[in-house]
Amino acid sequence: MSLYKTRVKEFETLLDNEEIDLDALRRLCFNGIPDGGGFRALCWKLLVGYLGPVKTTWPETLRKKRQLYAQFIDEMVISPGSSAKTSDHPLSDGPESAWSTFFKDNEVLLQIDKDVRRLCPDISFFQQATEFPCQVVVNSNGERRLHSRVVPSQLSSANVEGKMGMTKINLLTKRTDDNYEAMEEGLEAHWEVVQRILFIFAKLNPGISYVQGMNEIIGPIYYVAASNPDTEFREHAEADCFFIFTALMGEIRDFFIKTLDESEGGIKAMMNKLTKLLEVKDVEVWQRLREQELFPQYYAFRWLTLLLSQEFPLPDVVRIWDSVLADRNRFEFLIYICCAMIILLREQILEQDFANNVKLLQNFPPMDINVVLQKATTLK
């Protein structure tokens, strides 16, 4: 039996139990979830706690969550101008004004629209039509399609940047000059679905709202959910993705809040852990970077904040996340992966000057992801 078939059999056997052994599942997922068969979408639901370990609870949990998400769409993806209940003046800026809320929402929506129109440009998936468009939206003569609220020509090309001391760190590297086009009435592209999820998340979480980079976190989740061979899971990919994304953001929200308000916690602590780990595992490389004053905020800020989603092709990112989500300490292994990435470039780092090393680390060279993960596991 091939290694792949053996792995598939292991997952089938484990997931066939009436109560899933989560520790055993973590061990299996840590070494990579087999492509095909729909294992990844289900396992990620279990790993982030969207589904509990008892299988008999799954149908009711999914029914309630999907019903709740449909309610969110009804309540939040309808402009106040189209509602008969709205009687206040469009220029009103009072706290109870639906129009005031509408215009504030559009400021957030402007950034979301720009970001999702360029999501994962190295694959065509997000430009393609979903087979399960949201009917209440796509058949509304355009009034409930979020992108119709903003004018693409007004979008600024400038990226939101995180500040760490005096250093401005650009979060995004993968860019395309072309904005994805919206689809005609009755059809909906995958990026339009992602836009709606992010908008609803921003509305429900005003304390964090939407920060650029969240689109890079939700991209792999939605891709996995919407690529599932199981028709039912594909049909409900939007709702399921929303709750998986919300669960993950509950763990990493400090990365986004604290990096952008320059406070001391969150991502800064993660970068300090990475620096200390590098010192222990390869003191020569650590010393070289220290001498050059090549601090982790120049490169690891983005690595850690976006869970490496910008450093590798999407299939590799998905494989990395199998291990990261399976890690009981969640982001401990992420630090080991980042450390492995640095050490795997040690020869170049030791030979090159500051400028070339910055370029090298900010644009991690193509590499077999299995080599990176194996090195990270060895370090651990």
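Residues numbered from 1 in each chain as written. Predicted model: local features only at pLDDT ≥ 70, side-chain atom pairs only at ≥ 80, totals over all residues. Heavy atoms only, no water.

This part covers the overall build of the chain. Of the regular secondary structure elements, the chain holds 18 helices and two strands. Across the 380 residues that make up the chain, the buried fraction comes to 51%. Pairs at least 24 residues apart make up 76% of the contacts formed inside the chain by residues separated by at least 6 positions. When the accessible area of the chain is evaluated, it comes to approximately 17,600 Å², of which 50% is carbon and sulfur surface. (Helix = DSSP H or I, 4+ residues; strand = E, 2+ residues; numbered from the N terminus. Buried < 20%, exposed > 50% of the residue type's maximum accessible area, 1.4 Å probe, protein only. Contact = heavy atoms within 4.5 Å. Areas by Shrake-Rupley, 256 points an atom, 1.4 Å probe, with all protein chains shown as cover.)

Along the chain, D316 falls in helix α14 (residues 314–326). In contact with D316, not counting residues within four places along its chain, are M367 and I369.

Time to look at the packing of helix α4 (residues 58–76) against helix α7 (residues 190–204). One way to put it is that α4 packs onto α7 with a least axis distance of 11 Å and a crossing angle of 80°. The angle between α4 and α7 falls in the class roughly perpendicular. Of the residues in α7, those in contact with Y69, F72, I73 and M76 of α4 are R196, I197, F199, I200, K203 and L204. Grouping the constituent residues of the contact of α4 with α7 by class yields eight nonpolar, no polar and two charged. (Axes fitted to C-alpha atoms, helices over the stretch in contact; angles between N-to-C directions. Parallel < 35°, antiparallel > 145°, perpendicular 65-115°, else oblique. Nonpolar A, V, L, I, M, F, W, Y, C, P; charged D, E, K, R; others polar.)

When helix α12 (residues 283–291) is considered as a whole, its buried residues turn out to be V285, W286 and L289. Down the axis of α12, the smallest arc covering the buried residues is 100°, so these residues share one side. Away from its buried face, by an angle of more than 90 degrees, α12 presents the exposed residues R290 and E291. The elements touched by buried residues of α12 are α11 (267–281), α15 (332–343), α16 (346–351) and α17 (354–362). E293 sits one or two positions beyond α12 and adopts a positive phi of about 55°. (Arc of directions from axis to C-beta.)

Here we come to the confidence of the model for the chain. For the chain, per-residue confidence averages 86 on the pLDDT scale, and 83% of positions sit at 70 or higher. Low pLDDT (under 50) marks residues 152–169, which in the prediction has 37 contacts with non-local residues, meaning those over four places away or in another chain. (pLDDT = per-residue confidence, 0-100.)

Turning to the packing of aromatic side chains, a few remarks are in order. Scanning the model with the defined rule gives 17 aromatic pairs in all. Where W44 meets W321, the ring centres are 6.0 Å apart and the plane angle is 35°; that geometry is what we call tilted. Residue W44 is located in helix α3 (residues 39–47), and its partner W321 is located in helix α14; the two are separated by 277 residues in the primary sequence. Across this residue pair, the class does not change: W44 and W321 are buried. With a centroid separation of 6.2 Å and 40° between ring planes, the pair formed by F126 and Y222 is classed as tilted. Pair noted here: F126 is in the loop between α5 (98–116) and α6 (135–138) and Y222 is in helix α8 (residues 214–226), with a separation of 96 residues, a long-range link. Taking the relative accessible area as the measure of exposure, Y222 reaches 2% and is therefore buried. Counting every residue linked through ring pairs, the aromatic cluster contains Y50, Y69, F72, F242 and F243. (Phe/Tyr/Trp six-rings, centres within 6.5 Å; stacked < 30°, edge-to-face > 60°.)

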